[in-house]
Amino acid sequence: VGRGLQPITLAANLTNNGAGGTWHTSYAGVPHFITTAQRGLLLDTHDYVEFDMRRDESTVVELHGTQLSGHFLAGNTPLELVTASTELTGRMRPLPEWVTQGAIIGLQGGTEKVRETLVKLRAAQVPVAAFWLQDWVGQRITTFGKQLWWNWTVDEKRYPGWDALVADLKKERISVMTYVNPFLADVEMRREEQGAGYRNLYAEARAKGYLVKKADGSPYLILNTSFSAGLLDLTNPEAWKW
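### Quick word on the nonpolar core
Then comes step 1: Of all hydrophobic cores here, the largest spans 30 residues; its most connected members are V114, F131, L133 and L184.
Then comes step 2: Each residue touching F131, except ones within four places of it in the same chain, is listed here: I105, L107, V114, T117, L118, L121, L169, I174, S175, V176 and M177.
Then comes step 3: Within the second largest apolar cluster, five residues are counted, among which are L41, L43, V49 and L63.

### Focus: the side chain of D155
Then comes step 1: Of note, D155 is situated in the loop between strand 9 (145-148) and helix 4 (162-171).
Then comes step 2: A distance of 3.0 Å separates the side chain of D155 from the backbone nitrogen of K157, its partner in a polar contact.

### Here we look at the sheet that holds strand 2 (residues 39-43)
Then comes step 1: As summarised here, the arrangement of the three strands in space is 1-2-5, forming an open sheet in which the pairing is antiparallel. Because the sheet does not close on itself, it has two edges, and the strands there are strand 1 (32-34) and strand 5 (70-74). Taking each pair of neighbouring strands and ignoring which way they run, the sheet shows an average axis angle of 10°.
Then comes step 2: Where strand 1 meets strand 2, three bridges bridge the pair, whose relative direction is antiparallel. For H32, the partnering residue across the bridge sits in strand 2 and is L42.
Then comes step 3: Seen against the sheet, helix 2 (residues 78-89) touches strand 1, strand 2 and strand 5 and runs at an angle of roughly 150° to strand 5.

### Describing a nonpolar patch on the surface
Then comes step 1: A surface patch of nonpolar side chains, about 530 Å² in accessible area, is lined by V1, L5, I8, W23 and F144.
Then comes step 2: Examined against the element boundaries, V1 turns out to sit in the segment before helix 1 (8-15).

### Let's talk about unusual backbone geometry
Then comes step 1: Cis peptide bonds are those with omega within 30 degrees of zero, and the linkage from Q6 to P7 qualifies with 5°.
Then comes step 2: Tracing the chain through its elements places P7 in the segment before helix 1.
Then comes step 3: A positive phi is found at R3, a non-glycine position, where the angle reads about 50°.
Then comes step 4: Judged by relative accessible area, which is 35%, R3 ranks as partly exposed.
Then comes step 5: For Q38, which is not glycine, the phi torsion reads 60° and is therefore positive.
Then comes step 6: Looking at the secondary structure, you find Q38 in the loop between strand 1 and strand 2.

### Section: helix 3 (residues 111-123)
Then comes step 1: Compared with an ideal rise of 1.5 Å per residue, which puts 13 residues at 18 Å, helix 3 spans 19 Å between its outermost C-alpha atoms and is within 8% of the ideal.
Then comes step 2: Taken together, the buried positions of helix 3 are T111, V114, T117, L118 and L121. The arc enclosing the buried residues of helix 3, seen along the axis, measures out at 130°, which places them on a common side. Relative to its buried face, helix 3 has exposed residues pointing more than 90 degrees away, namely V119, K120 and A123.
Then comes step 3: Among the structural elements, strand 6 (103-106), strand 7 (128-132) and helix 4 are those in contact with the buried residues of helix 3.
Then comes step 4: Just beyond helix 3, the residue with positive phi is Q125, at close to 60°.

### Quick notes on helix 2
Then comes step 1: Compared with an ideal rise of 1.5 Å per residue, which puts twelve residues at 16 Å, helix 2 spans 16 Å between its outermost C-alpha atoms and is within 8% of the ideal.
Then comes step 2: Within helix 2, the full set of buried residues consists of L81, A84, S85 and T86.
Then comes step 3: In this structure, the buried side of helix 2 is in contact with strand 1, strand 2 and strand 5.
Then comes step 4: Looking one or two residues beyond helix 2, the residue adopting positive phi is G90, at roughly 105°.

### Concerning the pairing of strand 6
Two faces, one strand: in a regular strand the side chains alternate between the faces of the sheet.
Then comes step 1: Across four bridges, strand 6 lies against strand 7 in parallel orientation. Within strand 7, the residue paired with G106 across the bridge is W132.
Then comes step 2: For the crossover from strand 6 across helix 3 to strand 7, the handedness is right-handed.

### Description of the side chain of T45
Then comes step 1: Examined against the element boundaries, T45 turns out to sit in the loop between strand 2 and strand 3 (48-52).
Then comes step 2: With a relative accessible area of 17%, T45 lands in the buried category.
Then comes step 3: Separated by 2.8 Å, the side chain of T45 and the backbone nitrogen of D47 make a polar contact.
Then comes step 4: Here T45 is in contact with P31 and L63, once residues within four sequence places are set aside.

What counts and what doesn't
Residues numbered from 1 in each chain as written. Predicted model: local features only at pLDDT ≥ 70, side-chain atom pairs only at ≥ 80, totals over all residues. Heavy atoms only, no water. Core = buried A, V, L, I, M, F, W, Y, C linked by side-chain atoms within 4.5 Å. Buried < 20%, exposed > 50% of the residue type's maximum accessible area, 1.4 Å probe, protein only. Contact = heavy atoms within 4.5 Å. Helix = DSSP H or I, 4+ residues; strand = E, 2+ residues; numbered from the N terminus. Polar contact = N/O pair within 3.5 Å; in protein donor to acceptor, adjacent residues only side chain to side chain. Pairing = 2+ DSSP bridges. Axes fitted to C-alpha atoms, helices over the stretch in contact; angles between N-to-C directions. Patch = residues over 30% accessible without salt bridge, like charges linked within 9 Å, V, L, I, M, F, W, Y side chains within 5 Å. Areas by Shrake-Rupley, 256 points an atom, 1.4 Å probe, with all protein chains shown as cover. Salt bridge = Lys/Arg side-chain N within 4 Å of Asp/Glu carboxyl O. Expected span 1.5 Å × (residues − 1). Arc of directions from axis to C-beta. Right-handed = clockwise from strand over helix to strand, strands pointing away.

This is the structure in structure tokens:
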């Protein structure tokens, strides 16, 4: 979190046991490269690997492990090489066609903000494919600024008439995108503000035994900036269904 950018990296290091990282830190490195001669190398490994490409005539691959296996790839174009690699690793599903029908507007602020923004976009003749409403669950103010309430239900105060908003946008062929992660924060303090029907998903998951637990059986709470959250145990089939 931060990868060297200050002060966020320092804060992440202090509050999350050195999670800040550096400019060269990545959790998504892939041991794969292609060359201008339309050749490629794809390794089958989760071990740390270094590719030394400082020489024009050769590449040195050093694996920090006990076994080295992989695939040499050949083709006529970079596309053929990428296609060959995804035959081995798997491919993402194609994106839905509506994604290419206009702009995807990342927006926060509530129902009226969405409707007002759409009027302005229509007046400017901007084609819109979707609104991405990350704050559909509401915002909390923390020491890091504005963050989401990690309780994956609609914030009726921030987005009154949510169902009507989604339906109206659908009539205009505009999709609604949201955001969700597998963490659940205890939101009991919001029940009175949100109303009697407000669900505390953390409390539900804890009661059902669906959270990752410590050795003593209590939920393993993970600190995120100034609040902690439980992690849904998706290895539990019942939790997965829930």
